Amino acid sequence: MAERSVFTRIIEGELSARRLYEDDQCIVIEDRAPQAPTHLLVIPRKPLVNLADVLPEDVPLLGHLMWVASTMARRLNLEKGFRLVVNNGREAGQTVFHLHIHLLAQRKMPEAGLADDLRD
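Residues numbered from 1 in each chain as written. Predicted model: local features only at pLDDT ≥ 70, side-chain atom pairs only at ≥ 80, totals over all residues. Heavy atoms only, no water.

## A look at the side chain of N50
Convention followed: Runs of H or I in DSSP of at least four residues are treated as helices and runs of E of at least two as strands, each being numbered from the N terminus. Between N or O atoms, a polar contact is any pair within 3.5 Å; within protein, one atom must be a potential hydrogen donor and the other a potential acceptor, and residues adjacent in sequence are included only when both atoms are from side chains. Note on contacts: a residue pair is in contact if any heavy atoms of the two residues lie within 4.5 Å.
With respect to the helices and strands, the residue N50 is situated in the loop between β3 (38-44) and α2 (59-75). At 3.1 Å, the side chain of N50 forms a polar contact with the backbone nitrogen of A52. Once residues lying within four places of it in the same chain are set aside, the contact partners of N50 are N88, G89, Q94 and L99.

So, in structure tokens, the structure goes:
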């Protein structure tokens with residue numbers, strides 16, 4: 001049997017985390033090593049390893065995760081700017097092998113303005 005991820009252990013209540021949102025499909029917690037003033041994790045209850053492992057039947061769950069992320073951004077008045085990140089695999093920076101979406105905000109992102117020279 002594969003080792004349960006830290007997120008599975010949080011979902012099951014074995015480890016504590018401040019839950020900002022939860023429903024039957026996912027939970028939202030604060031990242032314990034934030035990379036921005038607002039850094040939340042949207043974590044599905046289904047233990048998918050990463051985005052590359054999802055199946056066609058997971059499409060509604062993926063849409064729900066995006067909806068929850070946008071709902072959290074609205075609740076926190078972040079509509080003017082936030083970033084959603086999914087790290088897929090060790091080479092992309094994934095450290096917990098249970099699919100999750102990072103919601104980051106309130107930090108200037110380095111890509112801001114990169115496309116300014118492409119405007120008409």
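## Thoughts on the pairing of strand β5 (residues 101-105)
Our working rule: Relative accessibility under 20% of the residue-type maximum defines a buried residue, over 50% an exposed one, and the middle range a partly exposed one, all with a 1.4 Å probe and only protein chains included. A pair of strands is treated as paired once DSSP finds two or more bridges between them.
Within β5, five of the five residues are buried, which leaves it mostly tucked inside the rest of the structure. Side-chain alternation along β5 places I101, L103 and A105 on one buried face and H102 and L104 on a second face that is also buried. Pairing of β3 with β5 involves five bridges; the strand directions are antiparallel. Paired with L41 across the bridge in β5 is H102. Both strand β4 (residues 83-85) and β5 contribute to a ladder of three bridges, which runs antiparallel. Pairing of V85 across the sheet is with H102, part of β5.

## Quick look at the environment of A105
Within the fold, A105 resides in strand β5. Assessed through its relative accessible area of 2%, A105 is described here as buried. Residues A105 and K80 lie 25 residues apart in sequence; the distance between their C-alpha atoms is 9.5 Å. Those residues in contact with A105, other than ones at most four positions away along the chain, are A36, P37, T38, L78, G81 and F82.

Just geometry here; none of it tells us what the structure is for.
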